[in-house]
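Next come the chains, spelled out residue by residue.
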Amino acid sequence: MTVRTRFAPSPTGYLHIGGVRTALFNWLYARQQGGQFILRIDDTDGARNLDEALEPILSGLKWLGIDWDEGPGIGGPHAPYFQSQRAAGHRAAVERLLETGHAYRDFATPAELDEERKQAQAAGLPFLYSRKFAAFTAAEAAPFAAEGRQSVVRLKMPREGSLVIEDSVRGRVECAWEREQDHVIQRADGSCLYHLASVVDDHDLEITHVIRAEEHLSNTPRQAFIAMSLGYALPVYAHLPLVAEPGSRTKLSKRKLAQYLKNPDFKQISEHGTKIAQRIGLAPEADTFNPVIVDFYREVGYLPWAIDNYLALLGWSYDDKTEFFSREELIRCFSLERINSSPASFDPKKLWAVQDHFMHALPIEEKLALMLPMLARAGLVDDPPTAAAVNTVRQVIEASGDRLKVAGDILAYADFFLLDPPPMDEAAVKQRLAKPGARALLQQFAEAIGALPAFEPTALEEALKRVVEQAGVKTGDLVHAVRVAVTGKTVGPGLYDCLQILGRERVLARIDRALPLCG
RNA sequence: GGCCCCGUCGUCUAGGGGUUAGGACACGGGCCUUUCAAGCCUGCAACACGGGUUCGAAUCCCGUCGGGGUCACCA
């Protein structure tokens with residue numbers, strides 16, 4: 001039997017990091033087993049702007065490399081892949097459930113239900129619906145319908161015994177049937193509810209493994225009951241541990257952003273990204289642009305595989321030391337058996353470290369390909385960029401080394417090479433230039449390098465050391481002054497690399513321009 | 001509150017009867033150093049608690065406590 005897994009998001013307009021983890025595990029398992037990964041859109045409540053709400057989810061998954069074998073955009077033998085378009089099948093299933101006595105039409109009004117609930121509460125008993133309409137024949141029910149009462153269809157759940165499922169993650173889980181309510185599966189208007197639809201669709205799409213978050217564990221009995229009543233074989237269930245908030249065990253939610261921002265790590269990642277977003281002309285709204293949502297990482301220039309690799313480690317491990325995997329390795333190493341059962345909290349710093357690792361390993365030309373568009377969006381290079389600009393940026397990337405953690409970091413490291421004159425940071429000027437002696441030192445340095453036969457790092461360093469020695473000052477005094485005079489900032493690639501990339505002419509011009517700022 | 005799930009360093013985790021309880025991130029210190037990174041060395045830090053079982057329990061059993069999820073005519 002071929003393994004078939006699915007990810008079934010509802011079109012909400014954004015891809016949540018927890019959802020990605022679920023999608024990833026489904027995808028990994030299908031790939032590893034040589035099976036299929038299906039994407040289905042659970043849009044039962046007719047979303048009005050479906051396309052708009054769907055786009056971020058589809059593009060997010062694609063960006064992450066989580067490709068689907070059947071689903072939106074590509075179709076497949078089990079089309080349609082939108083739950084709303086499968087309503088006929090859902091209704092047919094309800095009819096069968098009615099015929100076989102696994103479900104019944106319920107004419108009770110909400111008030112009547114409330115009344116029963118109150119009585120149970122008053123008696124200190126758990127609520128167990130009388131389901132007084134369950135035994136009604138069509139003839140007996142007719143008066144109620146004539147009276148204008150609406151009816152829903154409810155599951156006639158077992159009230160004895162229990163369901164035992166062998167969860168791939170949790171092992172044996174037992175649930176007493178008497179704890180289950182007679183859940184509604186179809187509304188008065190004929191539309192069906194999620195649990196019914198989901199079970200029917202999973203069966204029709206021949207899903208063999210239902211891998212989903214733990215929050216669905218308690219929904220499993222009713223779903224299993226529907227499946228069994230319909231004569232379906234139960235899928236293998238695997239309930240993943242929740243992705244929790246940073247430093248907590250509570251489910252990660254996009255609604256609690258303000259609270260997460262109090263976490264220093266989360267805040268740092270968030271602010272770093274926001275700064276980049278602003279420079280490339282995005283007007284990020286905290287609601288849709290934040291580290292809980294995948295778009296954040298894409299816009300800022302994280303590597304998709306870094307996100308995947310990090311997320312794979314959230315609730316799963318291969319052994320006691322392996323942390324980094326290539327796509328092929330992860331697919332080969334993944335297994336349901338090694339998924340953990342306790343919640344794993346989302347750690348932005350660890351994600352950062354994983355990102356750092358993959359960015360470090362990325363070949364220069366690939367970095368260039370990622371960073372050039374960033375610079376174009378920020379207006380720092382033309383689109384397409386000139387050959388000269390590409391060359392400069394390549395040199396900047398080379399010189400910047402591991403300082404560039406995400407593609408968007410190039411903005412802060414390349415701007416002073418591409419802008420002439422560069423913006424001068426006031427605090428930097430105050431700290432490094434507006435000091436006694438700075439002017440004379442800079443002038444001497446300018447003279448020294450003006451005559452240099454070769455304008456390259458080693459010669460520049462020697463020249464600087466000579467000036468320092470003659471003036472009897474510390475190396476740092478001159479180095480810092482030159483850096484600020486020439487780049488406008490206190491941080492950047494190695495100074496001599498910066499000077500070489502800028503070239504003699506611009507370096508001298510910038511020093512000249514900085515002299516009036518000196519003390 | 002009922003039901004269900006979970007409990008190893010701050011975080012992600014390895015280990016599932018005998019280990020100096022291992023790794024990674026973060027954090028501290030040091031080296032390197034022109035800034036910021038990186039790199040190297042090094043340090044800090046955990047089996048929730050209480051009872052069993054056993055020669056021996058982080059590991060098996062029971063209980064307690066703690067945390068979480070879920071209890072819709074949402075998905």
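For the structure itself, consult the block above.
The structure reproduced in this document is the subject of the present report.

Reading the values: rules and limits
Residues numbered from 1 in each chain as written. Chains lettered and ligands numbered in written order. Predicted model: local features only at pLDDT ≥ 70, side-chain atom pairs only at ≥ 80, totals over all residues. Heavy atoms only, no water. Buried < 20%, exposed > 50% of the residue type's maximum accessible area, 1.4 Å probe, protein only. Helix = DSSP H or I, 4+ residues; strand = E, 2+ residues; numbered from the N terminus. Contact = heavy atoms within 4.5 Å. Polar contact = N/O pair within 3.5 Å; in protein donor to acceptor, adjacent residues only side chain to side chain. Pairing = 2+ DSSP bridges. Axes fitted to C-alpha atoms, helices over the stretch in contact; angles between N-to-C directions. Parallel < 35°, antiparallel > 145°, perpendicular 65-115°, else oblique. Left-handed = near helix turned anticlockwise from the far one by under 90°. Nonpolar A, V, L, I, M, F, W, Y, C, P; charged D, E, K, R; others polar.

As for helix α11 (residues 304–312)
Here is step 1 of the chain: Taking burial as the measure, the nine residues of α11 include eight buried ones, the bulk of the element.
Here is step 2 of the chain: Within α11, burial applies to W305, A306, I307, D308, N309, Y310, L311 and A312.
Here is step 3 of the chain: Against α1 (17–32), α2 (50–63), α10 (294–300), α12 (327–333), β11 (344–345) and α13 (348–361) lie the buried residues of α11.

Structural notes on the environment of R4
Here is step 1 of the chain: By the element assignment, R4 lies in strand β1 (residues 4–7).
Here is step 2 of the chain: On the basis of relative accessibility, which here comes to 7%, the residue R4 falls in the buried class.
Here is step 3 of the chain: With 87 residues separating them in the primary sequence, R4 and R91 have C-alpha atoms 24 Å apart.
Here is step 4 of the chain: In contact with R4, not counting residues within four places along its chain, are Q36, I38, E70, H78, L205, E206, I207, T208 and H209.
Here is step 5 of the chain: Polar contacts involving the side chain of R4 include one to the side chain of Q36, which spans 2.8 Å.
Here is step 6 of the chain: A polar atom in the side chain of R4 sits 2.8 Å from the side chain of E70.

Observations concerning unusual backbone geometry
Here is step 1 of the chain: Between A79 and the following residue, P80, the backbone shows a cis peptide bond with an omega angle of 0 degrees.
Here is step 2 of the chain: If you trace the backbone, P80 turns up in the loop between α2 and α3 (87–99).
Here is step 3 of the chain: A cis amide bond links D383 to the next residue, P384, at an omega of 0 degrees.
Here is step 4 of the chain: Following the sequence through the fold, P384 ends up in the loop between α14 (364–377) and α15 (387–400).
Here is step 5 of the chain: We note that R131 has phi near 40 degrees; this positive angle belongs to a residue other than glycine.
Here is step 6 of the chain: Assignment of secondary structure puts R131 in the loop between α4 (110–122) and α5 (138–146).

Examining the sheet that holds strand β4 (residues 152–155)
Here is step 1 of the chain: Read across the open sheet, the three strands follow the order β3-β4-β7; overall the sheet is antiparallel. Edge positions in the sheet fall to β3 (103–106) and β7 (184–186), since each has one partner strand and no second. Here the strands of the sheet are splayed against their neighbours by 40 degrees on average, with no regard to which way each runs.
Here is step 2 of the chain: Contacts from α3 reach β3, β4 and β7, with the element oriented near 95 degrees to β3.

A word on the packing of helix α18 (residues 438–450) against helix α22 (residues 504–514)
Here is step 1 of the chain: For the pair α18 and α22, interaxial distance at closest approach is 10 Å and the crossing angle is 160 degrees. In terms of their interaxial angle, α18 and α22 are classed as roughly antiparallel. Along this stretch, α18 crosses α22, giving a crossing that reads as left-handed. Between α18 and α22, the residues in contact are L442, F445, A446, I449 and G450 and R504, V507, L508 and I511, respectively.
Here is step 2 of the chain: Looking at the contact of α18 with α22 residue by residue, the class counts come to seven nonpolar, one polar and one charged.

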